[in-house]
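Given next are the chains, with one letter for each unit.
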Amino acid sequence: MARGKSSGSGGSGSGGGGDNHSPRNAQMESIRSHTRLPTSLQQSAPLQGVRPPKSLSLSSIPDKKLRSNLSRDALSTLRARSHATQADTYLYQGPVGEEAGQLEAEGEMERTARLTQGEIKDAVGLEAASKSFSLDLSGGRGGVGLGPYRSAYSPNGRQLLLAGRAGHLASFDWQAGKLNCEIQVKETVRDATWLHNSSFFAAAQKKHVFIYDSAGAEVHRLKEHVDVHRLEFLRYHFLLCSVGGGGWLKYHDTSTGQMVAQHRTKLGACDTLAQNPLTAVLHLGHGNGTVTLWTPNLPQPALSLLAHRGPVSGVSVSPRDGGREMATSGMEGGIKVWDCRLLGRGPVREWVSRKPANEVQYSQRGLLATAWGTHVSIYDTKAPLSSRAPPGPYMTNNFPQSSPVSLAFCPFEDVLGVGHSRGFDSLLVPGAGEPRFDSMELDPFEGRTARREREVRGLLDKIRPDMISVDPSFLGQVREDATKGGAPREEAGPSGLARAQDGTPYARLGRLERLRLEGKAANDGSDSDEEDNHDEDSNAANVAIPSSGPPPPQKERKKARGKNTSMKRYLRKKRGNVVDQASMQVQAKLQRAREEHEERRERKERMARGEGEEQREPSALDVFAVQKKGRRRR
């Protein structure tokens, strides 16, 4: 009673600061907890009730300024951790009961796989129902189809690219129904993929790889990529990767036009290629049932896994949970799900489909789509199983008289694109896409200006190819022996490979450090200038012979460094079509020098024959020549 009277005498019963449990204060607290300050204000806004940790003893520091800086750094670390937790909660975690929506069965006898696309379209809104459509590209009853078709969505999920086996290429805004380009290249097209944005796409044609712009105009022809079957683009590294019939894996930098690396797999033709979205490591499936992991800085596979007893027909890595889950399919009919951290323990789940699956693909939320026969089945690999029985399909769809050859989930949409021999179909898959997107990373609604700024920002933040590794935990670490100039050899580990003193594996060491570990190079930090292609006599001459006196000083060899004749000829051909002012001036100067040299040579030949100077007709300019000679005589 006393508190009520005192608050009432203060003016208004709900105002002021006397009652912390008033409706107004509760409303302010709820608004404050669900609102976000601008980034510029977040760095300076103090966290309520947060103090430096007790483990950080600052009282023993006499310097007041240093103590203040350390306290500020500790609070900044806590603030950054709190902001990261909020961002993770906003992007990847929904409220309780409002997770990413999936189909749920009402009873034990009901199965979500029995629902058809027509029933799903009737249950959703008009906008969502319009995203399910079918494109009949078979040419009609008397026509000739251009399929089978392979499909690819742009990184932001706005554009769709279709590539027909018979040379048909088309790109369009599938949500707005606006066609960007449609061309006929009149040769076989095996695969196609988008580059860093929807402005360019690459197509693996019969002999080479071609790059086209959004209008369908040919921009580049990559002659280094021959007989390519599959393409992948590493968006953060600006690397176009290809593998084909020759068994060569090639990395091409699209920002500079240079070939970064090319590795020979030595396992024959390869038709399966996938990338890990976290580490950018490429996963290749081969005909002998092995799956190899490749990086551009290693000439041999970083890891080789015997996954199936038959040829590998499909490989996909889940973008969920940091790319820890990998799915493979083989021609013997098996489908296996692996944990990339524990590949040696075998698959986490495996089952056998009715027919061999020729394609597997993960969605953003971890749903696995498989194409087998004339069917497409979608599995939830995270669903609990009570026994070792194979998981039941989450959804399934049949395509009569056509065989699906490509699967592609649309980013940020519950849509699965299926390319088959008769055209393309878009299926609604509830719970497949990520409902929340970061506009600073990918924006489905970006315009021309935002796309241009994103491209410039991506070039500035481009990651170097040598940063790609199977284990990204080594990034940010400092090697203690980097300044000592050597990596002393230690005893070999259980695998038989020597390691450096700091524990760095043999595969991550450079060439000089490997030679030092093998005892073929000095440990004083000096590099050896001897060539690798010495003959046997020179190698025998370099053998150390015991002697009483000090070894005689060796004369340093002069080696020709630079480009050889064939490389100069190749670069000269590439520069033949480049015309600028400097090159024109140099060419004119060379032409004048050639003419003067030819004139002097002819004059010497005439003098040798005794003909003397050639008589020419007098000219009006001879007067100035005589005056000039007279001045010299004076």
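One can find the structure itself at the top, above this paragraph.
Treat the numbers as computed from the prediction; the structure is a model and nothing was measured. (Residues numbered from 1 in each chain as written. Predicted model: local features only at pLDDT ≥ 70, side-chain atom pairs only at ≥ 80, totals over all residues. Heavy atoms only, no water.)

(A) Summary view of the sheet that holds strand 13 (residues 259–264). With antiparallel pairing, the four strands of this open sheet are ordered in space as 10-11-12-13. The sheet is open, and its two edges are formed by strand 10 (228–234) and strand 13, each paired on a single side. Pairs of neighbouring strands in the sheet enclose a mean axial angle of 15°, with direction left out of account. The pairing of strand 12 (residues 248–253) with strand 13 spans five bridges and is antiparallel. Each bridged residue has a counterpart across the sheet, and for Lys-250 the counterpart in strand 13 is Gln-262. (Pairing = 2+ DSSP bridges. Helix = DSSP H or I, 4+ residues; strand = E, 2+ residues; numbered from the N terminus. Axes fitted to C-alpha atoms, helices over the stretch in contact; angles between N-to-C directions.)

(B) Molecular detail of the sheet that holds strand 2 (residues 149–153). Read from one edge to the other, the open sheet built from four strands follows the order 2-3-4-5, with strand pairing classed as antiparallel. The sheet terminates laterally at strand 2 and strand 5 (178–184), the two strands that pair on one side only. For this sheet the average axis-to-axis angle between neighbouring strands, irrespective of direction, equals 15°. Here strand 2 pairs with strand 3 (residues 159–164) via five bridges, running antiparallel. By the bridge assignment for strand 3, Ser-151 is matched with Leu-162.

(C) Up close: the packing of aromatic side chains. Considering all chains together, one arrives at ten aromatic pairs under this definition. Ring centres 4.9 Å apart and planes at 50° place the aromatic pair Trp-351 and Tyr-379 in the tilted group. Of this pair, Trp-351 sits in strand 21 (residues 349–352) while Tyr-379 is found in strand 24 (residues 375–380), placing the two residues 28 residues apart along the sequence. The buried category is assigned to Tyr-379, whose relative accessible area is 8%. The rings of Phe-133, Tyr-153, Trp-174 and Phe-424 are connected pair by pair, giving a single aromatic cluster. In this structure, Arg-235 packs its charged tip against the face of Tyr-236, placed 4.5 Å from the ring centre. (Phe/Tyr/Trp six-rings, centres within 6.5 Å; stacked < 30°, edge-to-face > 60°. Buried < 20%, exposed > 50% of the residue type's maximum accessible area, 1.4 Å probe, protein only. Lys NZ or Arg CZ within 6 Å of the ring centre and 35° of its normal.)

(D) The arrangement of unusual backbone geometry in detail. Backbone torsion omega between Gly-147 and Pro-148 reads 0°, so that peptide bond is classified as cis. A positive phi is found at Asp-321, a non-glycine position, where the angle reads about 60°. Note on placement: Asp-321 falls in the loop between strand 18 (312–317) and strand 19 (325–330). You will see that Gln-401, though not glycine, has its phi angle at about 60°, which is positive. Relative to the helices and strands, Gln-401 is located in the loop between strand 25 (395–398) and strand 26 (406–409).

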